[in-house]
Amino acid sequence: MRAAFLQRVLQRLQAKWQAKSALSAALRAPLSRSRRPLLSAQQIQSLASELTALAGDMPRNPKLSSAQRQGEQTSRFMGNGLEYEESRPYQLGDEIRRINWRLMARTGQAYTKLFQEERQEDWFILLDQRMSMRFGTRVRLKAEQALRVAGYFLWLAEKAALNLPVEGARLAEELVFTPTFIGRGSYTQMMHAFSQPCPPISTAQQSTPEPALHAVLNDLSQRLQPGSRLIIISDFHDLDESCLATLTALQQFARVKAICIEDPAERVLPVMEGVQLQSMASGELFEVQAQTLQDYAAWAENHLQARLTRLRQAGVKVNRLLADAPLQSLVEQLELSV
């Protein structure tokens, strides 16, 4: 009897230990996954190889020259520079502040100062990796596809363009800026800087507000240099009037391009029996039926199109890209225009 009793106690203790071990492993698993970069070093190099193989299909930039150094490429957005070039006789419509007063005093005639045009543009990539981007139903997360898109532009900046200086910012729980990279190795260095692990979504994280897109754009409007190219890769879930106003103002001195990343399920709900939708606002559950699928698809397309229309009205050039789109589709859809 005593032996049987001790055996039962031992079995219970063993069961509790196994349950505790399983719970401990479950708790460690998200942390382990969260430490994995979105793209490994091997995947980053593989992406570069794919881009190299597809180089012949990439859009040609008609305004790129064969220049290899800063100062040899013109940019009409940059306007007049700071380096004095020459003076010419004043013409009606010239700015008064450009008049060469010393030369006018010496000659008695009005002359206008001319300055060398600023040449080299900088690229800035804003990569959104907030909670709404950590979602994916096919192949990959939206955040991973956004990183692949960033790799496309970084590859162009290093290989196919002019060794352009590129800076970036990773938008997640906070806004983290990268160093400025230029020339050989800039693709790899920037991709590793961007490919940081995405922490798992948790209640604790949701209690801390993420940076809003409009606040980030306001920050960038003070940071970007005239003539810069700003490339925003996001799902633009929090696009509002403040964002649009800032984007409109940015167009005065920079080129802005937006890449809107979408998951297929955000366009069309999967046909699965027993699927329910839960409102993020109220927590209410909705049964997914045939009519629900049709209504949602119509609503989703109108909602996404309205978002894109508002961006275009702000002067932003926009491309849409599904999270599961292959690299070939990415190359075809992203037309790099200057």
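About the criteria used
- Residues numbered from 1 in each chain as written.
- Predicted model: local features only at pLDDT ≥ 70, side-chain atom pairs only at ≥ 80, totals over all residues.
- Heavy atoms only, no water.
- Helix = DSSP H or I, 4+ residues; strand = E, 2+ residues; numbered from the N terminus.
- Buried < 20%, exposed > 50% of the residue type's maximum accessible area, 1.4 Å probe, protein only.
- Contact = heavy atoms within 4.5 Å.
- Areas by Shrake-Rupley, 256 points an atom, 1.4 Å probe, with all protein chains shown as cover.
- Salt bridge = Lys/Arg side-chain N within 4 Å of Asp/Glu carboxyl O.
- Axes fitted to C-alpha atoms, helices over the stretch in contact; angles between N-to-C directions.
- Parallel < 35°, antiparallel > 145°, perpendicular 65-115°, else oblique.
- Left-handed = near helix turned anticlockwise from the far one by under 90°.
- Nonpolar A, V, L, I, M, F, W, Y, C, P; charged D, E, K, R; others polar.
- Phe/Tyr/Trp six-rings, centres within 6.5 Å; stacked < 30°, edge-to-face > 60°.
- Lys NZ or Arg CZ within 6 Å of the ring centre and 35° of its normal.
- Pairing = 2+ DSSP bridges.
- Core = buried A, V, L, I, M, F, W, Y, C linked by side-chain atoms within 4.5 Å.
- Patch = residues over 30% accessible without salt bridge, like charges linked within 9 Å, V, L, I, M, F, W, Y side chains within 5 Å.
- pLDDT = per-residue confidence, 0-100.

**A short note on the overall build of the protein chain**
1) Next: If you tally the helices and strands in the protein chain, you get 11 helices and 10 strands.
2) Next: Out of the 338 residues belonging to the protein chain, those deemed buried represent 40%.
3) Next: A sequence separation of at least 24 residues applies to 77% of the contacts in the protein chain between residues at least 6 apart.
4) Next: For the protein chain, the computed accessible surface area is about 19,400 Å², with 53% contributed by carbon and sulfur atoms.

**What to know about the pattern of salt bridges**
1) Next: Within the structure shown, the criterion is met by 10 salt bridges.
2) Next: Note that lysine 142 and glutamate 266 form a salt bridge whose closest N and O atoms lie 2.8 Å from each other. Here lysine 142, found in helix α4 (residues 142–160), pairs with glutamate 266, found in helix α9 (residues 264–267); they are 124 residues apart in sequence, far enough to count as distant.
3) Next: Given a relative accessible area of 1%, lysine 142 falls into the buried group.
4) Next: When the shortest N-O distance is used, the salt bridge between arginine 223 and glutamate 167 registers 2.7 Å. With arginine 223 in helix α7 (residues 213–223) and glutamate 167 in strand β4 (residues 166–171), this pair connects stretches of sequence that are 56 residues apart.
5) Next: On the basis of relative accessible area, arginine 223 is assigned to the partly exposed category, the value being 36%.
6) Next: According to the relative accessible area criterion, glutamate 167 is buried, its value standing at 15%.
7) Next: Here the residues in one salt-bridge network are Glu262, Arg267, Glu301 and Arg320, joined through shared partners.

**Details of the environment of arginine 98**
1) Next: With respect to the helices, strands and loops of the structure, arginine 98 is situated in the loop between β1 (80–89) and α3 (101–107).
2) Next: Remark: the alpha-carbon pair of arginine 98 and serine 87, spanning 11 residues in sequence, is separated by 9.5 Å.

**Description of the packing of α7 against helix α8 (residues 241–250)**
1) Next: As a packed pair, α7 and α8 sit with axes 8 Å apart at the nearest point and diverge in direction by 20°. Comparing their axes, α8 and α7 come out roughly parallel. Here the hand of the crossing between α7 and α8 comes out left-handed. Along its contact with α7, which presents Leu213, His214, Leu217, Asn218 and Ser221, the element α8 presents Ser242, Cys243, Thr246, Leu247 and Leu250.
2) Next: Tallied by class, the residues present in the contact of α7 with α8 amount to 5 nonpolar, 5 polar and no charged.

**A short note on the packing of aromatic side chains**
1) Next: On inspection of all chains with the given rule, the structure shows 3 aromatic pairs.
2) Next: Ring plane angle 85° and centroid distance 5.1 Å describe the contact between tyrosine 152 and phenylalanine 153, whose orientation is recorded as edge-to-face.
3) Next: On the accessibility criterion, tyrosine 152 (0% relative accessible area) is buried.
4) Next: The buried category is assigned to phenylalanine 153, whose relative accessible area is 0%.
5) Next: With centroids separated by 5.8 Å and ring planes inclined at 40°, the aromatic side chains of tyrosine 296 and tryptophan 299 adopt a geometry described as tilted. You can see tyrosine 296 and its partner tryptophan 299 sitting in helix α10 (residues 290–313), 3 residues apart, about one turn around the helix.
6) Next: Tryptophan 299 gets classed as partly exposed once you look at its relative accessible area, which sits at 49%.
7) Next: Positioned above the aromatic ring of phenylalanine 177 is the side chain of arginine 223, whose terminal nitrogen or guanidinium carbon lies 3.7 Å from the ring centre.

**Here's the deal with the sheet that holds strand β6 (residues 229–234)**
1) Next: Pairing is mixed across the open sheet formed by 6 strands, whose spatial order is β5-β4-β3-β6-β7-β10. A strand with exactly one partner marks an edge of an open sheet, and here the two such strands are β5 (175–177) and β10 (317–322). The mean angle between the axes of side-by-side strands here comes to 15°, regardless of whether they run parallel or antiparallel.
2) Next: Here strand β3 (residues 123–128) pairs with β4 via 6 bridges, running parallel. Looking at β4, one finds that phenylalanine 124 is bridged to glutamate 167.
3) Next: Against the sheet, α7 engages β3, β4, β5 and β6, with an angle of about 165° to β3.
4) Next: Where α10 meets the sheet, its contacts fall on β7 (255–262) and β10, and the angle it forms with β10 comes to roughly 150°.

**Quick word on the nonpolar core**
1) Next: Residues Ile125 and Ile233 are the most contacted members of the largest nonpolar core, which totals 38 residues.
2) Next: Elements that contribute at least two residues to this core include exactly α2 (41–53), β3, α4, α5 (186–194), β6, β7 and α11 (327–333).
3) Next: Ranked by the residues each element gives to this core, the list is headed by α4, at 11 residues.
4) Next: Setting aside residues no more than four positions away along its own chain, isoleucine 233 makes contact with Ile125, Leu126, Leu127, Asp128, Ala146, Val149, Ala150, Ile259 and Ile261.
5) Next: Membership of the second largest hydrophobic core comes to 25 residues, among which are Leu171, Val216, Leu230 and Leu311.

**Observations concerning a nonpolar patch on the surface**
1) Next: Together, Ile96, Trp101 and Met104 make up an exposed nonpolar region whose accessible area comes to about 320 Å².
2) Next: Its place among the elements puts tryptophan 101 in helix α3.

**Side note on the confidence of the model for the protein chain**
1) Next: The pLDDT averaged across the protein chain works out to 77; a share of 72% of its residues lies at or above 70.
2) Next: The least confident element of the protein chain is helix α6 (residues 203–206), whose mean pLDDT is 48; the most confident is β3, at 96.

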